[in-house]
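Each chain is listed here by its residues.
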Amino acid sequence: QRGLDIGVNATGWRLLKPFLEMTCAHLDAMNAVQFTSPFRFFQALVAKMPQGGSIIQISSVTAAIMFDDHAAYMGTKVGSTMSSAASRTNSAIRVFVPIRSRREASPTRRCRVAG
């Protein structure tokens, strides 16, 4: 029995709030959607890919660039991206994480550094 050849994760929840307004409930929900669920999904994929396959994790430019009100989103998105890479338990599993470049970023303002 061959199992799966490919799995794609594009999970994302754009709950944007100022850092100091992010509650524990918001953070728990964001973590469940953007980290825990993809992590469990990658575990299920790898278990069904005994002879190898491909995992594609659709990431976000915010995994590399900080925008206003994106602290929780960015942290959980980076976590899911890293867990996809960590899911590569054998050399027959390929992991792809396409990410848009800074030039392709949304028109959201970049954070300003005080000082």
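Everything that follows concerns the structure shown earlier in this document.
Since the structure is predicted, the reported quantities are computational estimates derived from the model, not experimental observations.

A. Inspection of the nonpolar core at higher detail. Counting residues in each nonpolar core, the largest one holds six residues, listed as Phe 42, Leu 45, Val 46, Met 49, Ile 55 and Ile 93. Of the residues forming this core, the biggest block, three residues, is contributed by helix H1 (residues 24-47). Of all hydrophobic cores here, the second largest spans five residues; its members include Leu 15, Met 22, Met 30 and Tyr 73.

B. Broad picture of the environment of Asp 5. Looking at the secondary structure, you find Asp 5 in the segment before strand E1 (6-9). According to the relative accessible area criterion, Asp 5 is partly exposed, its value standing at 41%. On a C-alpha basis, the gap between Asp 5 and Met 49 in space is 6.7 Å, while along the polypeptide they are 44 residues apart.

C. Focus on the side chain of Asn 9. By secondary structure assignment, the location of Asn 9 is in strand E1. Only 2.5 Å separates the side chain of Asn 9 from the side chain of Thr 11, close enough to count as a polar contact. Ignoring any residue separated from it by four or fewer positions in sequence, one finds Asn 9 in contact with Pro 38, Phe 41, Phe 42, Ile 56, Gln 57 and Ile 58.

D. Broad picture of H1. The terminal C-alpha atoms of H1 lie 32 Å apart, and with 24 residues this matches the ideal 34 Å at 1.5 Å per residue to within 8%. Along its length, H1 reaches its greatest deviation from straightness, about 40°, at Ala 32.

E. Structural context of the sheet that holds E1. With parallel pairing, three strands are arranged side by side in an open sheet as E1-E2-E3. Strands with a single pairing partner mark the edges of an open sheet, and in this sheet they are E1 and strand E3 (93-96). Across the sheet, the mean angle separating the axes of adjacent strands is 15° when strand polarity is ignored. Here E1 pairs with strand E2 (residues 53-57) via four bridges, running parallel. In the strand pairing of E2, Ile 6 is matched with Ser 54. Set on the sheet, H1 makes contact with E1, E2 and E3; between it and E1 the angle comes to about 175°.

Definitions and limits used
- Residues numbered from 1 in each chain as written.
- Predicted model: local features only at pLDDT ≥ 70, side-chain atom pairs only at ≥ 80, totals over all residues.
- Heavy atoms only, no water.
- Core = buried A, V, L, I, M, F, W, Y, C linked by side-chain atoms within 4.5 Å.
- Buried < 20%, exposed > 50% of the residue type's maximum accessible area, 1.4 Å probe, protein only.
- Helix = DSSP H or I, 4+ residues; strand = E, 2+ residues; numbered from the N terminus.
- Polar contact = N/O pair within 3.5 Å; in protein donor to acceptor, adjacent residues only side chain to side chain.
- Contact = heavy atoms within 4.5 Å.
- Expected span 1.5 Å × (residues − 1).
- Bend = angle between axes of the 7 residues up to and from the residue.
- Pairing = 2+ DSSP bridges.
- Axes fitted to C-alpha atoms, helices over the stretch in contact; angles between N-to-C directions.

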